[in-house]
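# Structural features, examined
One letter stands for each residue in the lines below.
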Amino acid sequence: MNSKIAFDKKVHKPRALTRKETRALRDSGFHPNYAEDKGKIIDDMTDFILDNFYPEIDFDGAKQADCLNFAADTFKLTYGVEEKEIKNS
C-alpha cells in the first residue's frame, strides 16, 4: 500500500476509516461486500471515500488510477488487509 496523492505542496497517504466512517460507507450502498453490481460499485465507492473522508484534498486533477488506488488502500487499511494477503488470494 504505497499510494500517495500530492496536493497543496503536501503528500497525503491513505488512512483507515473509523468505525463511524465505515458504517457511513456501508449505509451509502457503495461497500463492495454488500453490492450486487461489483463492477460499477468500485467507481462509486472510490468517489464516496475520496469525497467524504478526504474533503481537504482536491482529487479532481488526479488520474483516476491514482484515485482508485488511494481509495482501495483506504479500504484495505480499514479492514487490516495486508499486502501479503492480497497477493496470496
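Below is a summary of the structure that appears in this document. A quick note: this is a predicted structure, and the numbers were derived from the prediction, not measured.

### Observations concerning the packing of helix α2 (residues 38-53) against helix α3 (residues 64-78)
When two helices pack together, their arrangement is captured by the angle between the axes and the distance separating the axes. The contact between α2 and α3 brings their axes to 9 Å, and the two run at 75°. Judged by the inter-axis angle, α2 sits roughly perpendicular to α3. Two secondary-structure elements touch here, α2 through I42, D43, M45, T46, I49 and L50 and α3 through Q64, C67, L68, F70, A71, T74 and F75. Grouping the amino acids of the contact of α2 with α3 by side-chain chemistry returns nine nonpolar, three polar and one charged.

### Digging into the packing of aromatic side chains
The full count for this structure, using the stated rule, is six aromatic pairs. Summarising the aromatic geometry, the rings of Y54 and F70 are spaced 5.0 Å apart at their centres and angled 70° between planes, so their arrangement reads as edge-to-face. With Y54 in the loop between α2 and α3 and F70 in helix α3, this residue pair connects regions lying 16 residues apart in the sequence. Given a relative accessible area of 3%, Y54 falls into the buried group. Ring geometry for F75 versus Y79: centroids 5.0 Å apart, planes at 45°, classification tilted. A relative accessible area of 16% means that F75 is categorised as buried. Each member of the aromatic cluster is reached from another via a ring pair, and the members are F30, F48 and F53. Positioned above the aromatic ring of Y54, the side-chain terminus of R15 is 5.4 Å from the ring centre.

### Let's talk about a positive patch on the surface
The grouping of R19, K20, R23 and R26 at the surface amounts to a positive patch. Mapped onto the elements, K20 comes out in helix α1 (residues 19-28).

Scoring rules and cut-offs
- The numbering scheme is per chain: residues are counted from 1 as the chain's sequence reads.
- Under the rules for a predicted model, residues below a pLDDT of 70 receive no local features and side-chain atom pairs below 80 are neither given nor counted, while totals for whole chains, interfaces and linings still include all residues.
- Heavy atoms from the whole structure form the basis of all side-chain values; hydrogens and water molecules are not counted.
- Lines fitted to the C-alpha atoms define the axes, with helices restricted to the stretch that makes contact. Angles between their N-to-C directions range from 0 to 180 degrees.
- Think of it this way: any DSSP run of H or I at least four residues long counts as a helix, any run of E at least two long counts as a strand, and we number them from the N terminus.
- Roughly parallel covers angles under 35 degrees, roughly antiparallel covers those over 145, roughly perpendicular covers 65 to 115, and oblique covers all other angles.
- Here, two residues are considered to be in contact whenever any of their heavy atoms come within 4.5 Å of each other.
- Note that Gly is not counted as nonpolar here; it falls among the polar residues with everything else outside the nonpolar set of Ala, Val, Leu, Ile, Met, Phe, Trp, Tyr, Cys and Pro and the charged set of Asp, Glu, Lys and Arg.
- Each pair of aromatic rings taken from Phe, Tyr and Trp, with Trp reduced to its six-membered ring, is defined by centres within 6.5 Å and is described as stacked if the planes are under 30 degrees apart, edge-to-face if over 60, and tilted in the remaining cases.
- Here's how the labels work: a residue is buried when its accessible area is under 20% of the maximum for its type, exposed when over 50%, partly exposed in between, all with a 1.4 Å probe on protein chains only.
- As a reminder, the over-ring test applies to NZ of lysine and CZ of arginine, requiring each to be within 6 Å of the ring centre and within 35 degrees of the ring normal.
- Patches were defined on residues exceeding 30% relative accessible area and lacking a salt bridge, with like-charge contacts within 9 Å and nonpolar side-chain contacts (Val, Leu, Ile, Met, Phe, Trp, Tyr) within 5 Å.
- The protein chains shown are the only cover counted for residues, whose accessible areas, like all others here, come from Shrake-Rupley with a 1.4 Å probe.
- The salt bridge definition used is simple: a Lys or Arg side-chain nitrogen within 4 Å of an Asp or Glu carboxyl oxygen.
- As used throughout, the charge tally considers Lys and Arg to be positive and Asp and Glu to be negative, leaving His and the chain termini uncounted.
- A charged residue contributes its charge at one atom only: NZ of Lys, CZ of Arg, CG of Asp or CD of Glu.

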